Number of protein chains: 2
Amino acid sequence: MKNIYILSIGKVYRKSNNLYFIDKDKNKRVIPIEGINAIYIMNKVSLTSNAIQMILNKGVPVHFFKEDSKIGTFYYLGSLLPKQKKPSGKVHIEQVKAYINVEKRSEIALEIVDAIRYNMIKVIEKYREVYDYTKTLRNLDVRKEFEQKMTDWKDATNVIRGIESNIWVIFYEALDKILKTYKLERRTRRPPKNEANTILSFSNALLYATVLNEIYKTHLDPTVGFLHEPYEKGRFSLVLDLAEPFKPIISCRILIWLINQGIVKPEYFKKDLMGVMLNENGKRVVIKEFESRIRETIKIKGKGRKSMLIFIRKQAYNLEKALVEDTKFKAFRLVY
Amino acid sequence: MKNIYILSIGKVYRKSNNLYFIDKDKNKRVIPIEGINAIYIMNKVSLTSNAIQMILNKGVPVHFFKEDSKIGTFYYLGSLLPKQKKPSGKVHIEQVKAYINVEKRSEIALEIVDAIRYNMIKVIEKYREVYDYTKTLRNLDVRKEFEQKMTDWKDATNVIRGIESNIWVIFYEALDKILKTYKLERRTRRPPKNEANTILSFSNALLYATVLNEIYKTHLDPTVGFLHEPYEKGRFSLVLDLAEPFKPIISCRILIWLINQGIVKPEYFKKDLMGVMLNENGKRVVIKEFESRIRETIKIKGKGRKSMLIFIRKQAYNLEKALVEDTKFKAFRLVY
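- The name given to chain A in an unreviewed UniProt entry is CRISPR-associated endonuclease Cas1, with Candidatus Nanoclepta minutus as the source organism.
- Of chain A, the UniProt comment under Sequence similarities (unreviewed entry) reads exactly: "Belongs to the CRISPR-associated endonuclease Cas1 family."
- On record in UniProt, under Subunit (unreviewed entry), the comment for chain A is "Homodimer, forms a heterotetramer with a Cas2 homodimer."

**Some words on the overall build of chain A**
Then comes step 1: Along chain A, the regular secondary structure elements total eleven helices and twelve strands.
Then comes step 2: For chain A, the spread of C-alpha atoms along the principal axes amounts to about 60 × 50 × 40 Å.
Then comes step 3: Relative to its full complement of 336 residues, chain A shows a buried share of 60%.
Then comes step 4: Contacts in chain A between residues far apart in sequence, at least 24 positions, make up 65% of those at least 6 positions apart.
Then comes step 5: Here chain A displays about 14600 Å² of accessible surface, and carbon together with sulfur accounts for 49% of that area.

**Things to note about the interface of chain A and chain B**
Then comes step 1: Between chain A and chain B, the residue contacts involve 44 residues of the former and 44 residues of the latter.
Then comes step 2: When the area that chain A buries against chain B is broken down by residue, the three leading residues are Gln53(A), Lys83(A) and Ile93(A), summing to 16%.
Then comes step 3: Across the contact surface, chain A and chain B share zero salt bridges.
Then comes step 4: Between chain A and chain B we count 13 residue pairs in polar contact (both at pLDDT 80 or more) in total.

**With respect to the UniProt feature "binding site: Mn(2+)" (unreviewed entry) in chain A**
Residue and element names in this part refer to chain A.
Then comes step 1: Feature annotation in UniProt places "binding site: Mn(2+)" (unreviewed entry) on Glu 164, His 228 and Glu 244, given in this structure's numbering. A maximum C-alpha distance of 10.9 Å places the annotated residues, which cover 81 residues in sequence, within one compact spot.
Then comes step 2: Note that Glu 164 resides in helix α6 (residues 156-178).
Then comes step 3: For Glu 164, a relative accessible area of 9% puts it in the buried group.
Then comes step 4: With respect to the element layout, His 228 can be found in the loop between α7 (195-217) and α8 (237-243).

**Comments concerning the side chain of Asn194(A)**
Residues and elements named next belong to chain A.
Then comes step 1: Following the sequence through the fold, Asn 194 ends up in the loop between α6 and α7.
Then comes step 2: Since its relative accessible area comes to 12%, Asn 194 is described here as buried.
Then comes step 3: One polar contact links the side chain of Asn 194 to the main-chain carbonyl oxygen of Leu 184, over a distance of 3.3 Å.
Then comes step 4: Beyond its immediate sequence surroundings of up to four residues, Asn 194 is in contact with Lys 183, Leu 184, Glu 185, Thr 188 and Val 276.

**Looking at the environment of Asn194(B)**
Then comes step 1: Separated by 141 residues in sequence, Asn194(B) and Gln53(B) place their C-alpha atoms 42 Å apart.
Then comes step 2: A polar atom in the side chain of Asn194(B) sits 3.0 Å from the side chain of Asn197(B).

**Digging into a positive patch on the surface**
Then comes step 1: A grouping of Lys11(A), Lys26(A), Lys11(B) and Lys26(B) is seen on the molecular surface, where their side chains present a positively charged patch.
Then comes step 2: Of note, Lys26(A) is situated in the loop between β3 (18-23) and β4 (28-31).

**As for the packing of helix α3 (residues 102-124) of chain B against helix α9 (residues 246-260) of chain B**
Residue and element names in this part refer to chain B.
Then comes step 1: The N-to-C vectors of α3 and α9 enclose an angle of 30°; their axes lie 9 Å apart at closest approach. In terms of their interaxial angle, α3 and α9 are classed as roughly parallel. The handedness of the crossing between α3 and α9 comes out as right-handed. Where α3 approaches α9, its residues Ile 116, Asn 119, Met 120, Lys 122 and Val 123 are matched on the opposing element by Pro 248, Ile 249, Arg 253 and Ile 256.
Then comes step 2: When grouped by side-chain class, the residues that make up the contact of α3 with α9 number six nonpolar, one polar and two charged.

**A few points about the packing of aromatic side chains**
Then comes step 1: Throughout the structure, instances matching the rule amount to 22 aromatic pairs over all chains.
Then comes step 2: With centroids separated by 5.8 Å and ring planes inclined at 85°, the aromatic side chains of Trp168(B) and Phe171(B) adopt a geometry described as edge-to-face. Separated by three residues within a single helix, Trp168(B) and Phe171(B) lie in helix α6 (residues 156-178), roughly one turn from each other.
Then comes step 3: Aromatic rings pair up to connect Tyr5(A), Tyr40(A), Phe65(A) and Tyr76(A) into one cluster.
Then comes step 4: Directly above the ring of Trp168(A) sits Lys247(A), whose terminal nitrogen or CZ lies 4.9 Å from the centroid.

**Re the pairing of strand β4 (residues 28-31) of chain B**
Residues and elements named next belong to chain B.
Then comes step 1: With four bridges connecting them, strand β3 (residues 18-23) and β4 associate as antiparallel partners. For Tyr 20, the partnering residue across the bridge sits in β4 and is Val 30.
Then comes step 2: Taking the residues that link successive antiparallel strands as the turn, the β3-β4 hairpin has four residues, and the phi of Lys 26 there is positive, at about 70°.

**Focus: the domain arrangement of chain A**
Residues and elements named next belong to chain A.
Then comes step 1: Split by domain assignment, chain A resolves into domain 1 (2-60) and domain 2 (89-325).
Then comes step 2: Between the C-alpha centres of domain 1 and domain 2 there is a distance of 29 Å.
Then comes step 3: Regarding the contact of domain 1 and domain 2, the summed buried area is about 930 Å², with carbon and sulfur atoms giving 52% of it.
Then comes step 4: Summed over the three residues of domain 1 that lose the most area to domain 2, namely Tyr 5, Leu 7 and Asn 37, the buried surface amounts to 57% of that side.
Then comes step 5: Our count for the contact surface shared by domain 1 and domain 2 stands at zero salt bridges.

**Points about the relation of the copies chain A and chain B**
Then comes step 1: Taken as rigid bodies, chain A and chain B are interconverted by a rotation of 180° and an axial shift of 0.0 Å, the fit giving an RMSD of 0.0 Å. What the superposition gives is, in effect, a two-fold axis relating one chain to the other. Identified as the residue of chain A closest to the rotation axis by C-alpha distance is Leu80(A), at 2.0 Å.
Then comes step 2: A shared binding surface is used by both copies, with 100% of the interface residues of chain A retained as interface residues in chain B.

**What to know about the pattern of salt bridges**
All names here are of chain A.
Then comes step 1: Under the defined criterion, the tally for this structure stands at 42 salt bridges over all chains.
Then comes step 2: For Lys 149, the salt bridge goes to Glu 145, with nearest N and O atoms at 3.2 Å. With Lys 149 and Glu 145 both in helix α5 (residues 142-149), this residue pair falls four residues apart, about one helical turn.
Then comes step 3: A residue is classified by how much of its surface remains accessible, and Lys 149, at 46% relative accessible area, is partly exposed.
Then comes step 4: Where salt bridges share partners, they join Glu 107, Glu 111, Asp 114, Arg 117, Arg 143 and Arg 333 into one cluster.

**Looking at unusual backbone geometry**
Residue and element names in this part refer to chain B.
Then comes step 1: Despite not being glycine, Ser 16 has its phi angle at roughly 45°, a positive value.
Then comes step 2: Residue Ser 16 is classed as exposed on the basis of its relative accessible area of 59%.
Then comes step 3: Positive phi is not limited to glycine here, since Lys 26 has a value of about 70°.
Then comes step 4: Accessibility expressed as a relative area gives 67% for Lys 26, which makes it exposed.

Basis of the calculations
Residues numbered from 1 in each chain as written. Chains lettered and ligands numbered in written order. Predicted model: local features only at pLDDT ≥ 70, side-chain atom pairs only at ≥ 80, totals over all residues. Heavy atoms only, no water. UniProt positions renumbered as here; feature names shortened; annotations may be inferred. Helix = DSSP H or I, 4+ residues; strand = E, 2+ residues; numbered from the N terminus. Buried < 20%, exposed > 50% of the residue type's maximum accessible area, 1.4 Å probe, protein only. Contact = heavy atoms within 4.5 Å. Areas by Shrake-Rupley, 256 points an atom, 1.4 Å probe, with all protein chains shown as cover. Buried area = accessible area lost by both parts, 1.4 Å probe. Salt bridge = Lys/Arg side-chain N within 4 Å of Asp/Glu carboxyl O. Polar contact = N/O pair within 3.5 Å; in protein donor to acceptor, adjacent residues only side chain to side chain. Patch = residues over 30% accessible without salt bridge, like charges linked within 9 Å, V, L, I, M, F, W, Y side chains within 5 Å. Lys, Arg positive; Asp, Glu negative; His and termini not counted. Charge placed at Lys NZ, Arg CZ, Asp CG, Glu CD. Axes fitted to C-alpha atoms, helices over the stretch in contact; angles between N-to-C directions. Parallel < 35°, antiparallel > 145°, perpendicular 65-115°, else oblique. Left-handed = near helix turned anticlockwise from the far one by under 90°. Nonpolar A, V, L, I, M, F, W, Y, C, P; charged D, E, K, R; others polar. Phe/Tyr/Trp six-rings, centres within 6.5 Å; stacked < 30°, edge-to-face > 60°. Lys NZ or Arg CZ within 6 Å of the ring centre and 35° of its normal. Pairing = 2+ DSSP bridges. Domains from an automatic or database assignment. Least-squares fit on C-alpha atoms with pLDDT ≥ 70 in both.

Written out as structure tokens, the structure reads:
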């Protein structure tokens, strides 16, 4: 299942049983419709009527983005969404039931935070220079910490988010010790203030788009999250939730790889008063790395060999299944 | 706030600050973007990149339909949906809470059924020949009937749907006595078997599309209905719920008007083995009538003078407000 990223100006059209993209310099490329997971449009792209009907009939979601230096990297404009073939009301009802039940909600949120911690360790444990950080994260027992700090169920999610924010502080510090040249210094967003931050923001945006797309394939309601508040403005809280366990192992590893292998070059960036942004070539480099990481097949203990994209999808289905069957949700952990 | 219906083959493009539609015979028409409520595309229509970006930026939803004689009239393919600016998780949570609470759910469902009954009376009371039917509907006390028939809360929604189905039987019988030429005989769908049924199906489809569009403007979850089951296949149960009170006064009145004024002509239909369908001219006639009815301003007691489209929108907002503020939902009634 391919993801199609369109970064150039051009047109998507249909010819016989395929989609094609033609850019403004008349370069054509085929988009084999049967194998498409999603199309991400990040520039000015026209769609012909036959292309639209084919895309909708085949159930392929198309997500539109636009660059805006005030917000950083690019922002989500909207989606062309095929009609859902199966009903989703049932799952939405179970999802809200789990959200309302503070114990169930906390259990899901804690599971996500613990998976983040576990995956953070997998990223940094091979670097001897940050051994202390690895040790700190290993010794941190998310559920025990929660039990100690939580005195009133009313504060449960605040306590969990406090624990989460704490592990990110530890992890970002370790990350800066690992990065050889460009450093994060501190995490900046909207817009990112330096090169490392802009790469991380762009990778995260690709990850969020991927997770949103996988959620649209399930019957989950993207607006109702467990770790993140469904009351947050303009963001899909469940997308944020389900992206979290993958952030260290996808986005942060892309950052380490691109910087420490010397792949990142000054000419991949454009700077303005607002902050630092990737240009089209810079974006291509990050997308290439992102794609190769979500395509890469990995053998996970007890889960077999699958691509990371499939593990992302499976995590969303696992949540749906856990909600409908009222069983425990297991977030993704990089267990070799 | 205009609705744009595109029935011809063509292209939507942007020029300066407007959208334009050009058909295959090069006829142009302007689509003033600022005043658009929604765009309904019912044929093969291309969208240029600038048109897509403008549509998404202005927050205008575009709904795609395709004709299929097996299903009848046309069917919904999907939508181009702008990103929601405000969060919706909060409302989804309140909506499911009301759904789970069988008393609240029944209260909303009964309110809808009673509004259908009330509006049915408004349609038929001026026809002396169906006086008995009007009387029957007037004497029917939906809430009392519910209290009498309901013995176990588990069966509450089944009992309510039984009452609803009963009033439709009465109403369709009356409708057939009012119709001068083409008759329903019995209500047939997927596909409709005769002219009257195909007009009614097409009007209802326009009404559902309008209600779906208004629901997308609120934060309501279209999949969680109260009278209709959220478990139903491939249909938005809340859209069905909120369209119900308007069906007698919009769709059924269109049917009476078009037939009894002799506007309907045999050449507006195409027949095949499956059933009877409207052709493009026939559809234009129904859309014209539909549009003039939802544009028409009406003075409703205590609600002022507004167009029917605004009353449809207000009904959706009323439900959202009632759910969030935990007050009683009032469905639309045609009270002069």
